[in-house]
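Working through the structure, step by step
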Amino acid sequence: MVTQDLKKFSSPVFPFTAIVGQEEMKLALQLNVIDPKIGGVMIMGDRGTGKSTTIRAIADLLPEIEVIKDDPFNSHKSDLDLMGNEVKTAIQNGETLETEFIKIPMVDLPLGATEDRVCGTIDIEKALTEGVKAFEPGLLAKANRGLLYVDEVNLLDDHLVDILLDSAASGWNTVEREGISIRHPARFVLVGSGNPEEGELRPQLLDRFGMHAEIRTVKDPILRVKVVEERTSFDQTPMVWMENYEVQQQELRNRIVDAQKLLPTVQIDYDLRVKISEVCSQLDVDGLRGDIVTNRAAKAHAAYNKRDKVTLEDIESIITLCLRHRLRKDPLESIDSGDKVSKVFKEIFEIE
């Protein structure tokens, strides 16, 4: 009842299923939600192309999660990797803890955020005088089991981006101050967005994002008019809009939940795995992150399409998203990195 009341007061969010176009970005976000281990998505595109709208819409679409009540880390009731130390100790001691359902956390990281605000702080004074570890959780704690969104990630301090990527990859955040160390779960889908005109992200940071979606402004005048009309209509009568799309939203929500359940059983043939690595090798991709992410994303795509075996179509749909940002930049090359991935993929997989 309380969550229903809160829903009435929270500002309406544009429905995910009502967003026109931008299929690449929508697919990348959905696959990351199905398997957060893909490693997040970097969305690069022109101003005013609906990047923030789409990210807020996917967070609103997702089903509620069960958490331990009044826990700052949104701890899971049974998964040890997703619970804070206090909850873990209580469960090991056989205590019964009250749980509640909350909307998936969606945390916005402001550009001016400090390291303490992101990671959390330890109250040294309390630790010294009272002998207790007093931890003030930061944004990473709040984002556990949810989404962390950084707008204009290319303008964020490099060391902060590093911290975010480390936490996103390991699923844990460690805070060390004056010899006191605290570790808590921080498993989230990292979503960064930016405008290429404001500068690129350093290649070694870019490589840490699982996927890279590129967005272009819609050129078709009829489609542009449709987008403008729909946005205006939503702003005037948001509740009517949300009711109209409720069935589609629920269908997509169920599809994502089913895919999450199916994911552990999805298989990918050895031949396909070899060919994925062949593509990475021919594109001269540094390291093995490209191979790992492509395999994971292909499995998530198969699960999304209700299959337990990866097909050629699955790989074709995601390989550009997973590899385009890992290619070495050659100033003399005229071909777009996405087209280059596509070209090599077709050669190796022998597609006309």
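Each value, and the rule that gives it
- Residues numbered from 1 in each chain as written.
- Predicted model: local features only at pLDDT ≥ 70, side-chain atom pairs only at ≥ 80, totals over all residues.
- Heavy atoms only, no water.
- Helix = DSSP H or I, 4+ residues; strand = E, 2+ residues; numbered from the N terminus.
- Buried < 20%, exposed > 50% of the residue type's maximum accessible area, 1.4 Å probe, protein only.
- Contact = heavy atoms within 4.5 Å.
- Areas by Shrake-Rupley, 256 points an atom, 1.4 Å probe, with all protein chains shown as cover.
- Lys, Arg positive; Asp, Glu negative; His and termini not counted.
- Charge placed at Lys NZ, Arg CZ, Asp CG, Glu CD.
- Salt bridge = Lys/Arg side-chain N within 4 Å of Asp/Glu carboxyl O.
- Pairing = 2+ DSSP bridges.
- Axes fitted to C-alpha atoms, helices over the stretch in contact; angles between N-to-C directions.
- pLDDT = per-residue confidence, 0-100.
- Expected span 1.5 Å × (residues − 1).
- Phe/Tyr/Trp six-rings, centres within 6.5 Å; stacked < 30°, edge-to-face > 60°.
- Parallel < 35°, antiparallel > 145°, perpendicular 65-115°, else oblique.
- Nonpolar A, V, L, I, M, F, W, Y, C, P; charged D, E, K, R; others polar.

Taking an unreviewed UniProt entry as the reference, the chain is identified by name as Magnesium chelatase ATPase subunit ChlI belonging to Thalassiosira oceanica.

Attention shifts here to the overall build of the chain. A tally of regular secondary structure across the chain gives 16 helices and 11 strands. Its C-alpha atoms give the chain principal-axis dimensions of about 70 × 50 × 40 Å. Across the 352 residues in the chain, those meeting the buried criterion constitute 45%. Sequence separation of 24 or more characterises 76% of the internal contacts of the chain that already satisfy a separation of 6 or more. Accessible surface, the chain: about 18,400 Å² in total, of which carbon and sulfur atoms supply 51%. Side chains of the chain give 44 positive and 61 negative charges; the mean places of these two sets differ by 2 Å.

Once that is clear, we can look at the pattern of salt bridges. If the charged atoms of two oppositely charged side chains come close together, the side chains can form a pair. Tallied over the full model, the rule gives 16 salt bridges. Of the charged contacts in the structure, one is a salt bridge between Glu66 and Lys77, with a shortest N-O distance of 3.3 Å. Here Glu66 is found in strand β2 (residues 65-68), whereas its partner Lys77 is found in the loop between β2 and α4 (85-92), with 11 residues between them in sequence. Here Glu347 and Lys343 are joined by a salt bridge, their closest N and O atoms 3.7 Å apart. Residue Glu347 and its partner Lys343 are both found in helix α16 (residues 337-348); the two are separated by four residues, about one turn of the helix. When its relative accessible area of 44% is taken as the criterion, Glu347 is described as partly exposed. If you follow the salt bridges from partner to partner, you end up with Glu24, Glu214, Arg216 and Arg324 in one network.

Another aspect to go through is the sheet that holds strand β10 (residues 189-194). The strand order across the open sheet formed by five strands is β4-β7-β10-β1-β11, and the pairing between neighbours is parallel. This sheet does not close on itself; its edge strands, each paired only once, are β4 (106-108) and β11 (211-215). When strand polarity is set aside, the average angle formed by the axes of neighbouring strands in this sheet is 20 degrees. As paired elements, strand β1 (residues 41-45) and β11 share five bridges and run parallel to each other. Looking at the pairing, Gly45 lines up with Ile215 of β11.

In this section: the confidence of the model for the chain. Interpretation of this model should avoid reading the predicted coordinates in detail wherever pLDDT is low. This prediction gives the chain a mean pLDDT of 84; 93% of its residues lie at or above 70. Here helix α1 (residues 2-9) stands out as the least confident element of the chain, with mean pLDDT 42; helix α14 (residues 289-304) is the most confident, with 94. Segment residues 1-9: pLDDT under 50, and two contacts once partners within four positions in sequence are set aside and those in other chains are kept.

This brings us to the environment of Gly48. Among the structural elements, Gly48 can be located in the loop between β1 and α3 (51-61). The exposure class of Gly48 is exposed, given its relative accessible area of 82%. With 169 residues separating them along the chain, Gly48 and Thr217 place their C-alpha atoms 8.1 Å apart.

Now for the environment of Glu200. Mapped onto the secondary structure, Glu200 falls in the loop between β10 and α9 (203-206). Sequence separation of Glu200 and Val153 is 47 residues, and the distance between their C-alpha atoms is 9.5 Å. The contact partners of Glu200, leaving out residues within four places of it in the chain, are Met44, Asn154 and Leu206.

Further remarks concern α14. The terminal C-alpha atoms of α14 lie 22 Å apart, and with 16 residues this matches the ideal 22 Å at 1.5 Å per residue to within 8%. Listing the buried residues of α14 in full gives Gly290, Asp291, Val293, Thr294, Asn295, Ala297, Ala298, Ala300, His301, Ala302, Ala303 and Tyr304. In this structure, the buried side of α14 is in contact with α2 (23-34), β11, α12 (246-262), α13 (270-282) and α15 (312-323). In the segment just after α14, Lys306 is the residue with positive phi, at about 60 degrees.

Further remarks concern the packing of aromatic side chains. Counted under the stated rule, the structure contains six aromatic pairs. Ring geometry for Phe14 versus Phe234: centroids 5.0 Å apart, planes at 75 degrees, classification edge-to-face. You can see Phe14 sitting in the loop between α1 and α2 and its partner Phe234 sitting in helix α10 (residues 221-236), a full 220 residues away along the chain. Phe234 carries the same exposure label as Phe14, and that label is buried. Plain terms: the ring middles of Phe14 and Trp241 are 5.5 Å apart, the flat faces sit at 35 degrees to each other, and that makes the pair tilted. Note that Phe14 is positioned in the loop between α1 and α2 and Trp241 in helix α11 (residues 238-244), a separation of 227 residues in sequence. Classification of Trp241 as buried rests on a relative accessible area of 9%.

Moving on, we get to the packing of α2 against α12. It is the contact of α2 with α12, at a shortest axis distance of 9 Å, that shows an interaxial angle of 45 degrees. By the angle class used here, α2 and α12 are oblique. Here α2 contributes Gln30, Val33 and Ile34 to the contact with α12, which in turn contributes Leu252, Ile256, Ala259 and Gln260. Partitioned by chemical class, the residues of the contact of α2 with α12 number five nonpolar, two polar and no charged.

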